[in-house]
Amino acid sequence: MKIGITGGIGSGKSYVCRLLEQQGYTVYDCDSAAKRLIRTSPFIRRRLTALIGPETYFEESGVRSQESGDGSQESVEYILNKKVVAEFLLKSEDNARAIDRIVHPAVFRDFIESGLEWMESAIIYESGIHRLVDRVIVVTAPEELRIQRVMARDEISREKVLEWMSRQLPQEEVRQRADFEIVNDGLADLNQQLDEILKEISNNKQ
């Protein structure tokens, strides 16, 4: 059985994933995987370069060996030009969706190939990756607490946090679609909630 963990910004889903890892579970992090694949996948690099332009990546010589076209070895590492990509993203929603259409399927394949049962994704429904799991756990928290957490963590303004939150599905919608909920309001016992969910999942497997 494959399980997805999600939650809006500031909900604490990554902290819940660390609690899982302390119990011996390995959780596939979709966000980290996307960053890794954008950096290392020649297929994604070619597609993004075709979409955005030749300035999408920097070439840095003398870093690692890579097979060149004639079969010889050349030392090149491709580094994402984050400024160029950010400018492209901000131009339109269509641009953001075009990048998603390149990156999301690669993450889906990578998760399947990993053989892991647990997966963390902030955009589990928006990306469509929920179709690859059997159950979804959502981590929730009061909106004001989420705002304060992100402001303190990232040292950004309240307005910026609200802007980020507006780009995600509303917490209530995700809560209604998920199979399980973990309330991370600073009062409820996270370990107890997690243990109860793990027990139910284990019973469903039998």
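As shown above, the structure is provided for reference.
This structure is a prediction, so every number in the text was calculated from the model and none was measured.

Quick word on the pairing of strand 7 (residues 180–183)
Alternating residues of strand 7 divide into F180 and I182, all buried, and E181 and V183, none buried. Taken together, the four bridges between strand 6 (residues 135–140) and strand 7 define a ladder with parallel strand orientation. Note on strand 7: the bridge partner recorded for V139 is I182.

Points about the sheet that holds strand 5 (residues 118–120)
Pairing in this open sheet of five strands is parallel, and the strands run 2-5-1-6-7 from one edge to the other. What marks the edges here is a single partner per strand, and that holds for strand 2 (27–29) and strand 7. With strand direction ignored, the average angle separating the axes of adjacent strands in the sheet is 25°. Across three bridges, strand 1 (residues 3–6) lies against strand 5 in parallel orientation. Bridge pairing in strand 5 links I5 to E120. Of the strands in this sheet, strand 2 and strand 5 are in contact with helix 2 (residues 30–40), which crosses strand 2 at around 50°.

Rules behind the numbers
Residues numbered from 1 in each chain as written. Predicted model: local features only at pLDDT ≥ 70, side-chain atom pairs only at ≥ 80, totals over all residues. Heavy atoms only, no water. Buried < 20%, exposed > 50% of the residue type's maximum accessible area, 1.4 Å probe, protein only. Helix = DSSP H or I, 4+ residues; strand = E, 2+ residues; numbered from the N terminus. Pairing = 2+ DSSP bridges. Axes fitted to C-alpha atoms, helices over the stretch in contact; angles between N-to-C directions. Contact = heavy atoms within 4.5 Å.

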